[in-house]
Amino acid sequence: MAIKTDRLEVDQWFDLELVLDGTQDFRWRAWKDGWLSGVLSGHVVHVRQAGVGASLEYRANVDLESVLRSYFRLDDDIAEVHDALSDIDDTMRKLVSRFPYLRVLRQPDPWQATVSYICSATNRIERITKSVENIACELGERRVLSGDVRHTFPTREKVLEAGEENLGELTVGLKSFPKRVLATAERIRAGSLDLEHLAQPEVCYAEARLQLMASPGVAAKVADCIALFALDKPDAFPVDTYVRRELERCYPDAPLGPTEGEALAIWARGTFGARAGYASQLLFLSGYFASKNP
DNA sequence: CGCCAGGGTAGAC
DNA sequence: GTCTACCATGGC
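Residues numbered from 1 in each chain as written. Chains lettered and ligands numbered in written order. Predicted model: local features only at pLDDT ≥ 70, side-chain atom pairs only at ≥ 80, totals over all residues. Heavy atoms only, no water.

A. Spatial organisation of the environment of Asp-240. Relative to the helices and strands, Asp-240 is located in the loop between α11 (220-230) and α12 (241-250). Along the chain, Asp-240 and Glu-260 lie 20 residues apart, while their C-alpha atoms are 9.9 Å from each other. Not counting chain neighbours up to four residues away, the residues in contact with Asp-240 comprise Lys-221 and Phe-284. A polar contact of 2.8 Å, which involves the side chain of Asp-240, links it to the backbone nitrogen of Tyr-242. Of the polar contacts made by the side chain of Asp-240, one reaches the backbone nitrogen of Val-243; its length is 2.9 Å. (Helix = DSSP H or I, 4+ residues; strand = E, 2+ residues; numbered from the N terminus. Contact = heavy atoms within 4.5 Å. Polar contact = N/O pair within 3.5 Å; in protein donor to acceptor, adjacent residues only side chain to side chain.)

B. Structural view of the environment of Asp-6. Summarising the element assignment, Asp-6 is placed in strand β1 (residues 4-8). For the pair Asp-6 and Ala-60, spaced 54 residues apart in the sequence, the C-alpha separation amounts to 9.0 Å. Those residues within four positions of Asp-6 in sequence are excluded, and the remaining contacts are Leu-56, Glu-57, Tyr-58 and Glu-65.

C. Seen up close, the domain arrangement of chain A. When cut into domains, chain A gives domain 1 (4-90), domain 2 (110-229) and domain 3 (241-292). Once you take the C-alpha centre of each, domain 1 and domain 3 turn out to be 25 Å apart. Contacts between the two partners involve 11 residues from domain 1, matched on the other side by 13 residues from domain 3. Between domain 1 and domain 3, the buried area comes to about 960 Å², and carbon and sulfur atoms account for 61% of it. Sorting the residues of domain 1 by area buried against domain 3 places Asp-21, Leu-85 and Ile-88 first, and these three jointly supply 41% of that buried surface. At the boundary of domain 1 with domain 3, the tally comes to one salt bridge. Arg-275 is paired through a salt bridge with Glu-80; the nearest N and O atoms lie 2.6 Å apart. The set of elements that each furnish at least two residues to the side of domain 1 that touches domain 3 consists of α1 (16-21) and α3 (78-86). (Domains from an automatic or database assignment. Buried area = accessible area lost by both parts, 1.4 Å probe. Salt bridge = Lys/Arg side-chain N within 4 Å of Asp/Glu carboxyl O.)

D. Structural view of helix α4 (residues 90-98). Listing the buried residues of α4 in full gives Thr-91, Met-92, Leu-95 and Val-96. What you see down the axis of α4 is that its buried residues fit within an arc of 130 degrees, all on one side. Exposed positions of α4 whose direction lies more than 90 degrees from the buried face are Lys-94 and Ser-97. Where α4 begins, the side chain of Asp-89 points an oxygen toward the backbone nitrogen of Thr-91, at a separation of 3.1 Å. (Buried < 20%, exposed > 50% of the residue type's maximum accessible area, 1.4 Å probe, protein only. Arc of directions from axis to C-beta.)

E. Just the protein's contact with DNA strand C, in detail. Residues in close proximity to DNA strand C include Thr-122, Arg-124, Arg-127, Gly-173, Leu-174, Lys-175, Gly-257, Pro-258 and Gly-261, which together make up its full environment. Here, DNA strand C places atoms within 4 Å of the protein, and 62% of those atoms are sugar or phosphate. Within the side chain of Arg-124, one N or O atom sits 2.2 Å away from a base nitrogen of DNA strand C. In the model, a sugar or linking oxygen of DNA strand C is placed 2.5 Å from a nitrogen or oxygen of the Arg-127 side chain. (Near = heavy atom within 4 Å.)

F. How the structure looks around the sheet that holds strand β2 (residues 29-30). Overall, antiparallel pairing links the five strands, which are arranged β1-β5-β4-β3-β2 in an open sheet. Edge positions in the sheet fall to β1 and β2, since each of these pairs with one other strand and no more. Inspection of the sheet shows strand β3 (residues 36-40) paired to strand β4 (residues 43-49) by five bridges, in the antiparallel sense. Across the sheet, residue Ser-37 finds its bridge partner in β4, namely His-46. (Pairing = 2+ DSSP bridges.)

G. Spotlight on the protein's contact with DNA strand B. Near DNA strand B lie 26 residues; those nearest to it are Gly-22, Thr-23, Ile-125, Gly-217 and Tyr-242. When the atoms of DNA strand B within 4 Å of the protein are grouped by moiety, sugar and phosphate amount to 65% of the total. Residue Val-222 places a main-chain N or O atom 3.1 Å away from a phosphate oxygen belonging to DNA strand B. At 2.6 Å from a phosphate oxygen of DNA strand B is found a side-chain nitrogen or oxygen belonging to Tyr-242. If one sorts the elements of the surface near DNA strand B by residue count, α11 sits on top with four residues. Taken together, the residues of the surface near DNA strand B break down into 11 nonpolar, 10 polar and five charged. (Nonpolar A, V, L, I, M, F, W, Y, C, P; charged D, E, K, R; others polar.)

H. Highlighting unusual backbone geometry. At Asp-33, a position not held by glycine, the phi torsion is positive, near 55 degrees. As for its placement among the helices and strands, Asp-33 is situated in the loop between β2 and β3. The exposure class assigned to Asp-33 is exposed, which follows from its relative accessible area of 64%. Here Ser-146, not a glycine, exhibits a phi torsion of approximately 50 degrees, which is positive. Looking at the element boundaries, Ser-146 is found in the loop between β6 (142-145) and β7 (148-151). Given the relative accessible area of 36%, Ser-146 is considered partly exposed.

I. A look at the nonpolar core. Ranked by size, the top nonpolar core spans 68 residues in total, and within it Met-92, Trp-111, Leu-212, Phe-237 and Phe-272 carry the most contacts. Top element by residues in this core is helix α14 (residues 276-292). It accounts for nine residues. Ignoring any residue separated from it by four or fewer positions in sequence, one finds Met-92 in contact with Leu-85, Tyr-251, Phe-272, Ala-279, Leu-282 and Leu-283. If you look at the next biggest cluster of nonpolar residues, it comprises 20 residues, including Leu-16, Leu-36, Val-45 and Tyr-71. (Core = buried A, V, L, I, M, F, W, Y, C linked by side-chain atoms within 4.5 Å.)

Structural data, given as structure tokens:
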């Protein structure tokens, strides 16, 4: 099969390493010769970048240019995002100048994102990655690119067929993950949850969040991650342990309770507005790197 | 041994 | 609505 290789022009504020180190999508890993391997829209894709601001090289068995442009939001006016964030307050201004290369991914498969984030509860990134990859290897379809064997993420029908016991062998962490994933898959099958509909631009963040949170295993944090990274709701504001720590440090006014109430979501929207998702990612990176290199 | 990991749920007030 | 105990498990 012919391999399509191409180069995408990016703006000066694009850093592939940083974007994928933020690990919003758990399916990327290192390949050879500086290539990173991922699975996108049912295809294996290899990407690499010579340096910050350099064009993005990719190869795949099909043309993935439009998929990649959307995924990395290459067509966004990132300078405008930087300006808007910097205008919010001093904390945001500093974070933008520290992490100007950050992007919030636009993942094409909300179902994969939903399963991934359900399995993220009280778990480490390596284990979440392991769970997602196990599910793909066992239940997805095999795909090969240049000797790199990967698997697509399985449809919800495949996951439902697998059943609780099989899923229990594939996931790492809480024993309730399989139950939660299956219950959510069943809600989608029954039509109570329609991820494709929630991804439409006319569905607002608040509505998407409400619908998502009706699923077991999907509370505020998971719902916000799905909404932000896979349903194109840029005003979602995920609060994980790192973001919480940074909020306590930089925003004493933030209403942080033992559990994230509605008050926090309202506060975030008021403070960060349409850029809340970007703000959350900046705070996450700050806290995440602080814990990695103390 | 205690603490922590990109939280969520059930049950109590 | 808000707070608590509990859930699994390996690494430090």
